[in-house]
Amino acid sequence: TEYANILVEQRGRVGLVTLNRPQALNALNKATMEELVDAVSAMDADPGTGAVVVTGSGKAFAAGADIKEMAGQGYMDMYAADWFRGWEDFTRLRIPTVAAVSGFALGGGCELAMMCDLLIAGDNAKFGQPEINLGVLPGMGGSQRLTRAVGKAKAMDMILTGRFIGAEEAERAGLVSRVVPAENVVEEALKAAEVIAGKSKPVAMAAKEAVNAAFETGLAQGVLFERRLFHSLFSTEDQKEGMAAFTEKREPEFRHR
Ligand code: HXC
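Residues numbered from 1 in each chain as written. Predicted model: local features only at pLDDT ≥ 70, side-chain atom pairs only at ≥ 80, totals over all residues. Heavy atoms only, no water.

- Under the annotation held in an unreviewed UniProt entry, the chain carries the name Probable enoyl-CoA hydratase echA8 and is attributed to Pseudarthrobacter enclensis.
- The record in UniProt for the chain states the following under Sequence similarities (unreviewed entry): "Belongs to the enoyl-CoA hydratase/isomerase family."
- Under the heading Function (unreviewed entry), UniProt records this for the chain: "Could possibly oxidize fatty acids using specific components." (UniProt positions renumbered as here; feature names shortened; annotations may be inferred.)

Dropping the structure here:
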């Protein structure tokens, strides 16, 4: 498929999607959202792809939703189009996703990074939810995902003042998985994705589903959901292979990868 706003590459079992509107700091317009969802949905369905890396280009991961595209819209336009609804499709993907963040991840850019399962940041990363300065508030889940990630105190600070935080503060707050030197961020994200892609894909999908259930359910329900998933994996060849490989002191050769 030919895309205008993203670049798509396959690196072994890992899909790499690069946001490619550096002249607009990768502002996430509707076309970019649709292309990203389309590309990653194809990887989700492809048994040859076990994980996805999403990254930016130039000095930004993404500097937000496209302000120029939104500026002239009225309430009825936003409501009728259900603006940003398409991002839900990204969050419903079952394949593990890794964000590789270098430079600015602001507004919708920070929100997209938070939709990914792992968030690997370069030491030059800047995270922020500056929508308050535009007379709006986060619209792609930021008030919810940021609060769950870092707690109320820091989420209120970022969302009410619009202050940016650096990679170190973001790691301390629990927003990011790992901080690496900026020049290595894509390489480190690809390595992490390759490790994930070496596992059984359906088992990795189940593990992702179990962690995500922690955001939607109470503890007892979540623990029960986990246990039932755990039981179900004993019907798979990959459980047999994984446990046999351990006993035989060798690397597992998962079939479903
Ligand atoms: C559209 C954007 C953009 C954006 C940058 N650009 N961010 N265009 N939407 N979100 C464009 C600029 O207009 C400019 O285009 C070009 O990218 C380069 O940006 P500069 O501002 O010249 O770069 P710099 O001076 O280095 O400043 C970087 C920056 C600044 C601090 C990141 O660009 C900035 O503050 N951007 C907006 C950040 C923001 O508010 N994001 C939240 C968006 S709202 P030209 O054509 O002039 O060269 C959002 C959630 C929406 O994401 C939810 C509510 C509906």
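## What about the overall build of the chain?
Moving on, step 1. Across its full length, the chain carries 12 helices and 10 strands.
Moving on, step 2. In terms of C-alpha radius of gyration, the chain reaches 19 Å, essentially the compact-globule figure of 18 Å for 257 residues.
Moving on, step 3. Projecting the C-alpha coordinates of the chain onto the three principal axes gives extents of approximately 60 × 45 × 40 Å.
Moving on, step 4. The buried share of the chain, reckoned over its 257 residues, is 44%. (Helix = DSSP H or I, 4+ residues; strand = E, 2+ residues; numbered from the N terminus. Rg over C-alpha atoms; globule rule 2.2 N^0.38 Å. Buried < 20%, exposed > 50% of the residue type's maximum accessible area, 1.4 Å probe, protein only.)

## Let's talk about the pairing of strand β2 (residues 14-19)
Moving on, step 1. With 6 of 6 residues buried, β2 is to be regarded as a mostly interior element.
Moving on, step 2. Along β2, one buried face is formed by Val14, Leu16 and Thr18 and the opposite face, lined by Gly15, Val17 and Leu19, is buried too.
Moving on, step 3. Inspection of the sheet shows strand β1 (residues 6-11) paired to β2 by 6 bridges, in the antiparallel sense. Residue pairing in the sheet places Val8 in a bridge with Val17 of β2.
Moving on, step 4. Where β2 meets strand β3 (residues 51-55), 5 bridges bridge the pair, whose relative direction is parallel. Among the inter-strand pairings, Val17 is bridged to a residue of β3, identified as Val54. (Pairing = 2+ DSSP bridges.)

## Focus on a nonpolar patch on the surface
Moving on, step 1. Nonpolar side chains collect at one region of the surface, where Ile67, Leu134 and Val136 lie side by side and expose about 270 Å² of accessible area between them.
Moving on, step 2. With respect to the helices, strands and loops of the structure, Ile67 is situated in helix α2 (residues 67-70).
Moving on, step 3. We classify Ile67 as partly exposed; its relative accessible area is 44%. (Patch = residues over 30% accessible without salt bridge, like charges linked within 9 Å, V, L, I, M, F, W, Y side chains within 5 Å. Areas by Shrake-Rupley, 256 points an atom, 1.4 Å probe, with all protein chains shown as cover. Salt bridge = Lys/Arg side-chain N within 4 Å of Asp/Glu carboxyl O.)

## Some thoughts on the pattern of salt bridges
Moving on, step 1. This model, assessed by the stated rule, comprises 15 salt bridges.
Moving on, step 2. With a shortest N-O distance of 2.8 Å, Lys208 and Asp117 are connected by a salt bridge. Here Lys208 is found in helix α10 (residues 201-213), whereas its partner Asp117 is found in the loop between α5 (108-115) and β7 (118-122), with 91 residues between them in sequence.
Moving on, step 3. Judged by its relative accessible area of 12%, Lys208 falls in the buried class.
Moving on, step 4. When its relative accessible area of 32% is taken as the criterion, Asp117 is described as partly exposed.

## Comments concerning the pairing of β7
Moving on, step 1. Counting buried residues along β7, 4 of its 5 residues qualify, which places the element largely inside the surrounding structure.
Moving on, step 2. Two elements, strand β5 (residues 97-101) and β7, share 4 bridges in a ladder whose sense is parallel. Residue Ala99 lies in a different strand from β7, and its bridge partner there is Leu119.
Moving on, step 3. For β7 and strand β10 (residues 178-180), the ladder comprises 3 bridges, and the chain directions are parallel. Bridge pairing in β10 links Gly122 to Val180.

## Here's the deal with the packing of α5 against helix α6 (residues 142-150)
Moving on, step 1. As a packed pair, α5 and α6 sit with axes 10 Å apart at the nearest point and diverge in direction by 55°. Here α5 is positioned oblique relative to α6, judged by the angle of their axes. Along this stretch, α5 crosses α6, giving a crossing that reads as left-handed. Only Gly142, Arg145 and Leu146 of α6 make contact with α5, whose side of the interface consists of Glu111, Met114 and Met115.
Moving on, step 2. Tallied by class, the residues present in the contact of α5 with α6 amount to 3 nonpolar, 1 polar and 2 charged. (Axes fitted to C-alpha atoms, helices over the stretch in contact; angles between N-to-C directions. Parallel < 35°, antiparallel > 145°, perpendicular 65-115°, else oblique. Left-handed = near helix turned anticlockwise from the far one by under 90°. Contact = heavy atoms within 4.5 Å. Nonpolar A, V, L, I, M, F, W, Y, C, P; charged D, E, K, R; others polar.)

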